[in-house]
Amino acid sequence: MTPASPIDTHRESGHSQDHESQTAISQNHRDQQRAFQCAAEEIAGGTGQGTGDPASFGIEVGNLENWALAKGTLIPASSLDSLPLVSNSTSEHEVFYRYHDDRAVKRTWPGVYGQIPVPADGGLGRRNATPSEYLRRMALHIEVFSSDLRLEGVTISDKPSMIIGQPSGQPSIVISQRWYQKDGVATNEAIHAYLVEEGFRPVPSSYFGWYRPEDGVVVVDAKPDNFIRSNEGLLPIDLQMAQFSPEQLKAAGLTSDSSAPIIFIPRLSESLPANV
């Protein structure tokens with residue numbers, strides 16, 4: 001398979017900062033990104049990448065708990081359950097608030113590790129991610145959007161698995177994210193303008209899908225629930241994303257002329273469930 005194109009981490013953004021501050025933030029983001037990437041590599045082991053088959057999934061789930069024990073990052077479930085609950089109605093995470101460092105703490109639902117975009121029937125679809133794919137997704141989110149995401153560890157609870165027939169006590173991945181105060185509404189029109197400025201193109205007949213021709217970064221679920229408008233502007237919070245190879249882009253039908261006009265696609269999101 002042909003490798004995906006390198007991602008331009010020096011893309012201009014709409015935020016201006018002094019050089020010293022920008023350098024410190026960039027180093028912090030690189031450290032956070034590296035933590036996700038290293039964990040993904042260790043947890044994937046020899047299972048390969050991008051298959052999502054049940055055998056690989058089961059191996060990775062076992063590796064996830066072993067990795068946390070080896071790294072000393074196994075978090076007691078009670079330490080999360082004691083935090084103020086922000087949301088338990090989203091499809092991927094339970095969300096808590098941690099006062100002492102002003103961060104949202106997110107725990108994946110037992111037995112599932114979010115979703116990622118994939119080619120499907122000649123178009124753009126999505127499927128459940130393996131633990132390593134979820135971690136790579138977070139690393140990519142940092143790389144593309146400079147998100148303040150941190151890998152906290154793994155927790156085991158006695159809650160039932162979200163997968164039918166799977167026993168309780170499945171490991172969950174715990175991450176945290178800087179807490180942003182809401183300052184306005186994230187609209188589909190604003191999201192369109194933001195992603196176009198970042199080099200993305202909308203994908204028709206997809207679940208809020210976008211892709212960037214220059215490096216093959218693909219995003220789905222880019223709806224208002226997964227953005228926040230703060231005093232720093234519009235910010236993506238938790239997008240489902242992956243970097244496609246040229247073969248995957250072709251299989252998903254993402255080979256349009258990058259110089260073609262970008263058309264706004266109306267998105268109806270009011271009745272769709274949040275995915276944080």
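Residues numbered from 1 in each chain as written. Predicted model: local features only at pLDDT ≥ 70, side-chain atom pairs only at ≥ 80, totals over all residues. Heavy atoms only, no water.

### Remarks on the overall build of the protein
Assigned secondary structure in the protein consists of six helices and 14 strands. For the protein, the residues scored as buried account for 48% of the 276 residues in total. For the protein, long-range pairs separated by at least 24 residues make up 67% of all intrachain contacts whose partners lie at least 6 apart in sequence. Accessible area for the protein stands at about 13400 Å²; split by element, carbon and sulfur atoms hold 53% of it. (Helix = DSSP H or I, 4+ residues; strand = E, 2+ residues; numbered from the N terminus. Buried < 20%, exposed > 50% of the residue type's maximum accessible area, 1.4 Å probe, protein only. Contact = heavy atoms within 4.5 Å. Areas by Shrake-Rupley, 256 points an atom, 1.4 Å probe, with all protein chains shown as cover.)

### Things to note about the pairing of strand β6 (residues 123-128)
Bridge count between strand β5 (residues 115-120) and β6: six bridges; the pairing is antiparallel. For Gln115, the partnering residue across the bridge sits in β6 and is Asn128. (Pairing = 2+ DSSP bridges.)

### Some details on the nonpolar core
In terms of nonpolar packing, the biggest core is built from 20 residues, with Phe36, Leu135, Leu151, Ile173 and Ile175 touching the most fellow members. The set of elements that each furnish at least two residues to this core consists of α1 (19-44), α2 (54-71), α4 (131-145), β7 (149-156) and β8 (171-178). Leaving out residues up to four positions away in the same chain, Phe36 has contacts with Leu135, Met138, Ala139, Ile142, Leu149, Arg150, Leu151 and Ile175. Within the second largest apolar cluster, 17 residues are counted, among which are Leu140, Leu195, Trp210 and Ala222. (Core = buried A, V, L, I, M, F, W, Y, C linked by side-chain atoms within 4.5 Å.)

### Considering α4
In an α-helix, one turn spans 3.6 residues, which is why side chains three or four residues apart end up on the same side. Across its 15 residues, α4 extends 21 Å between first and last C-alpha, which sits within 8% of the 21 Å expected from 1.5 Å per residue. Counting buried residues along α4, 13 of its 15 residues qualify, which places the element largely inside the surrounding structure. Directly beyond the C-terminal end of α4, a positive phi value near 55° is found at Ser146. (Expected span 1.5 Å × (residues − 1).)

### Some details on the packing of aromatic side chains
Per the counting criterion, the structure on display carries seven aromatic pairs. Between the aromatic rings of Tyr97 and Trp179, the centroid separation amounts to 4.8 Å while the plane-to-plane angle is 65°, which identifies the pairing as edge-to-face. Taken as a pair, Tyr97 in strand β3 (residues 93-98) and Trp179 in the loop between β8 and α5 (188-197) lie far apart in primary sequence, 82 residues in all. Here Tyr97 falls in the buried class, since its relative accessible area comes to 15%. A relative accessible area of 26% places Trp179 in the partly exposed class. Aromatic rings pair up to connect Phe145, Tyr194, Phe200 and Phe227 into one cluster. Between the NZ or CZ atom of Arg126 and the centre of the ring of Tyr207, over which it lies, the distance is 3.9 Å. (Phe/Tyr/Trp six-rings, centres within 6.5 Å; stacked < 30°, edge-to-face > 60°. Lys NZ or Arg CZ within 6 Å of the ring centre and 35° of its normal.)

### Quick look at the side chain of Gln33
Residue placement: Gln33 occurs in helix α1. Among the polar contacts listed, one links the side chain of Gln33 to the side chain of Glu143, at a separation of 2.9 Å. Setting aside residues no more than four positions away along its own chain, Gln33 makes contact with Ala139, Ile142 and Glu143. (Polar contact = N/O pair within 3.5 Å; in protein donor to acceptor, adjacent residues only side chain to side chain.)

### Topic: the sheet that holds strand β11 (residues 217-220)
Strand order in the open sheet formed by four strands is β9-β10-β11-β14, with antiparallel pairing between adjacent strands. Strands with a single pairing partner mark the edges of an open sheet, and in this sheet they are β9 (201-203) and β14 (240-243). Each neighbouring strand pair of the sheet contributes to a mean axis angle of 25°, computed without reference to strand direction. By the bridge criterion, three bridges tie strand β10 (residues 209-212) to β11 in an arrangement that is antiparallel. Counterpart to Trp210 in the pairing with β11 is Val219. Those strands touched by α4 are β10, β11 and β14, and its axis lies near 85° from that of β14. (Axes fitted to C-alpha atoms, helices over the stretch in contact; angles between N-to-C directions.)

### Topic: the sheet that holds β7
Pairing in this open sheet of six strands is mixed, and the strands run β1-β7-β8-β4-β3-β2 from one edge to the other. Taken across any chain shown, the strands that pair with only one partner, and hence form the sheet edges, are β1 (74-76) and β2 (85-87). When strand polarity is set aside, the average angle formed by the axes of neighbouring strands in this sheet is 35°. Each of β1, β7 and β8 touches α2; the most contacted strand, β7, lies at about 105° to it. The strands that α4 touches are β3, β4 (103-108), β7 and β8; relative to β8, the one it contacts most, it runs at about 10°.

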